[in-house]
Amino acid sequence: MSDLVAIVYPSEAKAEEVRQRLLKLQKEYLITISDAVIAVKTDQGSIKLNQLVNTTAMGAVTGSFWGLLIGVLFLNPILGVAVGAASGALGGALSDVGIDDAFMKSLSASLQPGNAALFVLIKHMTADKVIKEIKDAGGVVLKTSLDETKEKALRDALASTVERPAA
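Everything numeric in this text was worked out from a predicted model, so none of it was measured.

### Let's talk about the overall build of the protein chain
Phase 1 of the analysis: If you tally the helices and strands in the protein chain, you get six helices and five strands.
Phase 2 of the analysis: Ordering the α and β elements of the protein chain from the N terminus gives β-α-β-β-α-α-α-β-α-β-α.
Phase 3 of the analysis: Burial statistics for the protein chain: of 167 residues in total, 36% are counted as buried.
Phase 4 of the analysis: Taking the contacts inside the protein chain whose residues are at least 6 apart along the sequence as the reference set, 73% of them involve residues at least 24 apart.
Phase 5 of the analysis: Accessible surface, the protein chain as shown: approximately 9,300 Å² in total, 61% of it carbon and sulfur.

Given below as structure tokens:
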């Protein structure tokens, strides 16, 4: 079972820095991440999601490949690439993997303009080592599905830093 953690940071740059740290920890096998999304509240009040994987672009690339292959078989590769890219992009845009976009947008509505929330879907982690690596970045826990002891350890570690955004 996966755990969801959402932490608020004062800027998108700070949230991206922490996401990169977590991805580095994943390479060291200290954490396994299913999804990591940064939600930013703009000055106009809208929520922008910075996904880890762009499913539209990935779908277009995959669709182009298969369209080219099928187009070569039917002696019209250019038409095959165009149709494959369009259908792949549409399929990618309609598929949603990981954390639900509507959930992230509704949870991020309480943010102050300019603040960013890092949403991480965690399959497995070595909690003490991961918390040690990200605690100096600060942040405020917005929501978590961790058990009470891990959640308290995370909240205490992040609260020990000076820089905290308003949630």
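### So, the pattern of salt bridges
Phase 1 of the analysis: As enumerated under the stated definition, the model contains eight salt bridges in all.
Phase 2 of the analysis: The closest approach of N and O atoms between Glu28 and Lys24, which form a salt bridge, is 3.4 Å.
Phase 3 of the analysis: Residue class for Lys24 comes out partly exposed when judged on its relative accessible area of 48%.
Phase 4 of the analysis: With its nearest N and O atoms 2.8 Å apart, the salt bridge here joins Lys152 to Asp156.

### Focus: the pairing of strand β4 (residues 116-125)
Look at any regular strand and the pattern is simple: side chains alternate between the two faces of the sheet.
Phase 1 of the analysis: The buried count for β4 comes to eight of 10 residues, which makes it a mostly enclosed element.
Phase 2 of the analysis: In this sheet, β4 lies alongside strand β1 (residues 3-9) in antiparallel orientation, the contact comprising seven bridges. Opposite Tyr9, over in β4, you have Ala116 as the bridge partner.
Phase 3 of the analysis: Bridge analysis of strand β2 (residues 31-41) against β4 gives nine bridges, and the strand direction is antiparallel.

### Examining the nonpolar core
Phase 1 of the analysis: With 29 residues, the main nonpolar core has Leu22, Ile31, Leu118 and Leu154 as its most contacted residues.
Phase 2 of the analysis: Looking at this core, the elements with two or more residues in it are β1, α1 (12-27), β2, β4, α5 (127-134) and α6 (148-159).
Phase 3 of the analysis: If we skip the residues at most four places from it in the chain, Leu22 touches Ile31, Ile33, Leu118, Val120, Val130 and Ile134.

### Some points on the sheet that holds strand β5 (residues 140-144)
Phase 1 of the analysis: Reading across the sheet, the five strands line up as β3-β2-β4-β1-β5 and stay open at both edges, with antiparallel pairing between neighbours. The open sheet has two edge strands with one neighbour each: β3 (47-50) and β5. Averaged over neighbouring strand pairs, the angle between their axes works out to 25° when direction is ignored.
Phase 2 of the analysis: Contacting β1, β2, β3, β4 and β5, helix α4 (residues 101-108) runs over the sheet at an angle of about 130° to β3.
Phase 3 of the analysis: The strands that α6 touches are β1 and β5; relative to β5, the one it contacts most, it runs at about 160°.

Rules and cut-offs
Residues numbered from 1 in each chain as written. Predicted model: local features only at pLDDT ≥ 70, side-chain atom pairs only at ≥ 80, totals over all residues. Heavy atoms only, no water. Helix = DSSP H or I, 4+ residues; strand = E, 2+ residues; numbered from the N terminus. Buried < 20%, exposed > 50% of the residue type's maximum accessible area, 1.4 Å probe, protein only. Contact = heavy atoms within 4.5 Å. Areas by Shrake-Rupley, 256 points an atom, 1.4 Å probe, with all protein chains shown as cover. Salt bridge = Lys/Arg side-chain N within 4 Å of Asp/Glu carboxyl O. Pairing = 2+ DSSP bridges. Core = buried A, V, L, I, M, F, W, Y, C linked by side-chain atoms within 4.5 Å. Axes fitted to C-alpha atoms, helices over the stretch in contact; angles between N-to-C directions.

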